[in-house]
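Residue strings, one per chain:
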Amino acid sequence: MLMRAVLLVLLGVTGLTGLTGSTNASAAAADVAAIAQYKGADRTQRLIDGAKKEGELLTYSSLEASDLAALNNAFEQKYGIKVKTWRAASDSILQRTLQEAKAGRFDVDAVDASTPILEALHREKLLVPVQSPYLADMLPQTVPAHHEWVGSRLNVFVQAYNTKLVKKEDLPQSYYDLLDPKWKGKLSVEATDDDWFATLVKALGEKKGLQLFHDIKAGNGLSVRKGHTLLTKMVTSGEVPFALAVYNFTATQLRDSGAPMEWYAISPAIARANGLGITARAPHPYAALLYYDFIISDDGQQILLKRGFMPSSTKIATPFSKMPLKVVDPAQMLDDGDKWTRLYDQIVVKGN
């Protein structure tokens, strides 16, 4: 329940100085903004020239170490700019960034995290709007109107099933098919997927969607597991015949390793974006913006695809390219997160 964690962090770090400090601080922020919003034909060359003078950048990232290394090594080889990284969970990244800003410390150049974290940093005025030519290639749902972050990749929630226990021809083709008594005792969900639940229910029509999950829980039951990786592994072991929502990349990795499982997506597919924002007081703005462009360019997006992620670029073909896709709205979840956490807990986790 990431939204609740975000709100707790925001409540715990109050009194941010943000960008309202000295004249020098305001000037530094203005310089970063001017670089970030430059759209001239020589933009890339300006970034390269400036980045070479800076020589490095610092990112805070929630990516796994191997995935991060693949991206950073490719960037360093292409431009000769060193990428320093502090890795942590998204909520820890939010907490550290807010605490450092409150203390007037601005070391980090770019933040790579889940989009609710990035949206929270936007609301605290700690990110800068970016005008990158590569934004035109991104899925519209991954580029907010304020342009202070971009969703560079999507974690798509898919349905996974054990191929020894569930026949392909018996698979549900809609969520309403899960009301069939043949699914009694076979269904499972993850304990913290309130954002998946909220986005799906709203896509189905809130009243109908809430009633549907109430009826599925009452009629066939929904076992609840903590952790998407655990839930996916329980599908492979057969303990869970059918999981309603696991991450596509984890399911793909386990399937490709030879496990008796497969995944598919009931329409509409629901996705949660992770992405990147540039800090408003970035000490290495040229290098940070060059890195930002690299991640959402064909180079970075292809690396993400090869690592099993769904890139956000519409130029990259994926299994979801021709499928209706609903992306979790982080702004709406920050505003209404308590409501959906409560409903998910009442209807799905605890049930009747």
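This is a predicted model, so every value here is computed, not measured. Within any chain, residue numbers begin from 1 and follow the written order of that chain's sequence. Given that this is a predicted model, residues contribute local features only at a pLDDT of at least 70 and side-chain atom pairs are listed and counted only at 80 or more, while totals for whole chains, interfaces and linings are drawn from all residues. The side-chain quantities take in all heavy atoms of the structure and omit both hydrogens and water.

Visitor: Explain the packing of helix α5 (residues 90-102) against helix α6 (residues 115-123) here, please?
Guide: Where α5 contacts α6, the two axes come as close as 9 Å, and the packing angle between them is 15°. In terms of their interaxial angle, α5 and α6 are classed as roughly parallel. Judged by the sense of rotation from one axis to the other, the crossing of α5 with α6 is right-handed. Facing Ser90, Asp91, Leu94, Thr97 and Leu98 of α5, the residues of α6 in contact are Ile117, Ala120 and Leu121. Grouping the constituent residues of the contact of α5 with α6 by class yields five nonpolar, two polar and one charged. Between N-to-C directions, angles cover 0 to 180 degrees, with each direction set by a line fitted to C-alpha atoms, over the stretch in contact for helices. Numbering of helices and strands runs from the N terminus, with a helix taken as a DSSP run of H or I at least four residues long and a strand as a DSSP run of E at least two residues long. To sort the angles, those under 35 degrees are grouped as roughly parallel, those over 145 as roughly antiparallel, those from 65 to 115 as roughly perpendicular, and the leftovers as oblique. Each helix crossing is assigned a hand: it is left-handed if the near helix lies turned anticlockwise from the far helix by less than a right angle, otherwise right-handed if that turn is clockwise. We call two residues in contact whenever any of their non-hydrogen atoms come within 4.5 Å of each other. When residue character is reported, Ala, Val, Leu, Ile, Met, Phe, Trp, Tyr, Cys and Pro are called nonpolar, Asp, Glu, Lys and Arg charged, and the others, Gly included, polar.

Visitor: Even after reading the chapter, I still don't get the pairing of strand β4 (residues 150-162), so can you show me in this structure?
Guide: Looking along a regular strand, one sees the side chains alternate between the two faces of the sheet. Using a 1.4 Å probe on the protein chains alone, a residue whose accessible area is under 20% of its type maximum counts as buried, one over 50% counts as exposed, and one in between counts as partly exposed. With 13 of 13 residues buried, β4 is to be regarded as a mostly interior element. Two strands qualify as a pair provided that DSSP identifies no fewer than 2 bridges between them. Taken together, the seven bridges between β4 and strand β9 (residues 269-278) define a ladder with antiparallel strand orientation. The residue of β9 that forms the bridge with Asn155 is Arg272. Here β4 runs beside strand β7 (residues 242-247); their pairing, made up of four bridges, is antiparallel. In the strand pairing of β7, Tyr161 is matched with Phe242.

Visitor: Mind showing me how you'd approach empty space enclosed by the protein here?
Guide: In this approach, a probe sized like a water molecule rolls over the atoms, and the result shows the empty space that is left. In this analysis the probe radius is 1.4 Å and the grid spacing 1 Å, with only protein atoms considered; a cavity is a set of points the probe fits into but cannot get out of, a pocket is an open set with protein on both sides within 12 Å along at least five of seven lines, and lining residues have an atom within 4 Å of a point. Grid points are joined across faces, edges and corners, and a volume is the space filled by probe spheres set on the points. One pass over the full model with this rule turns up one cavity of 30 Å³ or more. In this structure, the largest cavity occupies an estimated 110 Å³ of space. As for the largest cavity, its lining consists of 13 residues, of which Thr97, Phe106, Val108, Leu126 and Thr279 are closest to the centre.

Visitor: Even after reading the chapter, I still don't get unusual backbone geometry, so can you show me in this structure?
Guide: Leaving glycine out, the prevailing phi sign among residues is negative, and the prevailing peptide bond configuration is trans. Residue Pro268 is reached from Ser267 by a cis peptide bond, and omega for that bond is 0°. By the secondary structure assignment, Pro268 is in the loop between β8 (261-264) and β9. You will see that His147, though not glycine, has its phi angle at about 60°, which is positive. Looking at the secondary structure, you find His147 in the loop between α6 and β4.

Visitor: Explain the pattern of salt bridges to me, please; I cannot follow it from the model alone.
Guide: Close approach of charged atoms allows side chains of opposite charge to pair. A carboxyl oxygen of Asp or Glu within 4 Å of a side-chain nitrogen of Lys or Arg is what we treat as a salt bridge. Tallied over the entire structure, the rule returns 21 salt bridges. Across the pair Arg96 and Glu100 runs a salt bridge, and its minimum N-O distance is 3.0 Å. With Arg96 and Glu100 both in helix α5 and four residues apart, this pair spans about one turn of that helix. For Arg123, the salt bridge is made with Glu119, and the minimal N-O distance between the two is 3.6 Å. Taken as a pair, Arg123 and Glu119 lie in helix α6 at a separation of four residues, close to a single helical turn.

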